[in-house]
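Residues per chain, in single letters:
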Amino acid sequence: MTPPRIDLVSDTSTRPTAAMHAAMAAAEIGDEQMREDPTTTRLEERVAGLLGQQAAVFLPTGTMCNQIAFLVHCRAGDEIIAAANAHVVGSEGAGAAALAGAFMRGIETPTGIFDADVLADAIRPARAKSPRSRVVVVEQTSNRGGGLVWPRETVDAVADMASRHGLALHVDGARLFNAAIAAGLPPDAFSARADSVWVDFSKGLGCPMGAALAGSRRFIEAAWLWKFRLGGALRQSGVIAAACLHALDHHVQALAEDHAKARRLAELAGRTLTIAQPRVETNILFLDTGNAGMTAAAVADLALAQGVRVGVEGETRLRCVTHRDVTMAGVEEAGTILAEIAARH
Ligand SMILES: *Cc1c(COP(=O)(O)O)cnc(C)c1O
């Protein structure tokens, strides 16, 4: 397949820049398992500081961060409360059940966001016959909610409610930096209250791979055991950690441009397609093709024939994700193409 000219399927399609490659080539390295890789250690300290946590550990993927957090927080039979459309519920192969023996209580919320009252209703009373409610998950930003930002006050209220009932607050921060940039707040505004939180480097930050899980020193020491058990302990990971440090230096502020691109795409495609989310806050845009009388797959096929790739999320729902490897001009072209496909029909 020839790659699409304008790929809006995911911000994971971003590739290392020449400057990132140079930083990787110059990395000082050692054996990470022995905690002797200086670049990885530097990244972990930096991430812990940014997220307002004591310590952090470098891991290959965000999925492994989620699963290790659940393994540390939960005993078999414990319950994890998360939005029903969260990544941890639908996109990780039921890992919490398969690995930690925990199960998911999904809260129905189209935005992927719920408030402290809804959490309070979902927490089980402490009875011998009830599952133990153990973890609540905040997905920042909400992926299936169209990249919406959990407001800081909501995160704080959920943190208060969680701690009152003995639940751990776990923040899936795959796009936490997007939230921070969109809200004009430092990243720790969304993570300092968490018992565990991670950020992904392989999304809009443009690294080939890598994620870092943060928490208390004690939590991170417990996470290290699972890192070994799951095969996530690494060797000269500094080559990758150098890319992540480079992204923290050079790619975080630029996320604002991705958000501007998503707003522009909404403006153009929204002329004939319905914007299927309350607000365009970050880099994810859902479009509904129903009012144009077309399926999402039909629109996506016609767009691909013109070099624009978008995701099919449902029968009439398209998902577009902007990122640093599509230009504003590319986004304008994609928006015009999508609008014309719907108008012609
Ligand atoms: C991508 C993503 C993950 C998983 O991260 P990987 O690095 O791909 O394993 C988890 N949660 C959300 C919200 C994501 O978007």
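Just so we're clear, the structure is a prediction, and the values are computed from it rather than from any experiment.

Enquirer: How do you make sense of helix α8 (residues 176-183) when you look at a structure like this?
Expert: Residues separated by three or four positions in an α-helix point in the same direction, a consequence of the helix having 3.6 residues per turn. Here α8 lies mainly inside the structure; six of its eight residues are buried. Buried within α8 are the following residues: L176, F177, N178, A179, A180 and I181. Against the buried residues of α8 lie α2 (38-51), β6 (168-173), β7 (196-200), α10 (238-250) and α11 (255-269). One or two positions beyond α8, positive phi appears at G184, with a value near 70 degrees.

Enquirer: Please explain the packing of helix α3 (residues 62-73) against helix α9 (residues 217-229) as it appears in this structure.
Expert: Between two packed helices, what matters for the description is the angle formed by their axes and the separation of those axes. Running from N to C, α3 and α9 cross one another at 115 degrees; their axes reach a closest spacing of 9 Å. With respect to each other, α3 and α9 are oriented roughly perpendicular. The chirality of how α3 crosses α9 is right-handed. Contacts between α3 and α9 involve I68, A69, L71, V72 and H73 from the first element and F219, A222, A223, W226 and K227 from the second.

Enquirer: Would you mind going over the site of the ligand with me for this structure?
Expert: Taken together, 15 residues sit near the ligand, with G62, T63, D172, D200 and K203 positioned nearest. Contact distances for the ligand include 2.7 Å between an oxygen atom and a side-chain N or O atom of T63. Calculation on the ligand without its partners gives an accessible area of 380 Å², and the protein chains cover 87% of this total. Contributions of two or more residues to the shell around the ligand are made by α3 and β7. Per element, the largest residue contribution to the shell around the ligand is three residues, and it comes from α3.

Cut-offs and rules
Residues numbered from 1 in each chain as written. Predicted model: local features only at pLDDT ≥ 70, side-chain atom pairs only at ≥ 80, totals over all residues. Heavy atoms only, no water. Buried < 20%, exposed > 50% of the residue type's maximum accessible area, 1.4 Å probe, protein only. Helix = DSSP H or I, 4+ residues; strand = E, 2+ residues; numbered from the N terminus. Contact = heavy atoms within 4.5 Å. Axes fitted to C-alpha atoms, helices over the stretch in contact; angles between N-to-C directions. Parallel < 35°, antiparallel > 145°, perpendicular 65-115°, else oblique. Left-handed = near helix turned anticlockwise from the far one by under 90°. Near = heavy atom within 4 Å. Polar contact = N/O pair within 3.5 Å; in protein donor to acceptor, adjacent residues only side chain to side chain. Areas by Shrake-Rupley, 256 points an atom, 1.4 Å probe, with all protein chains shown as cover.

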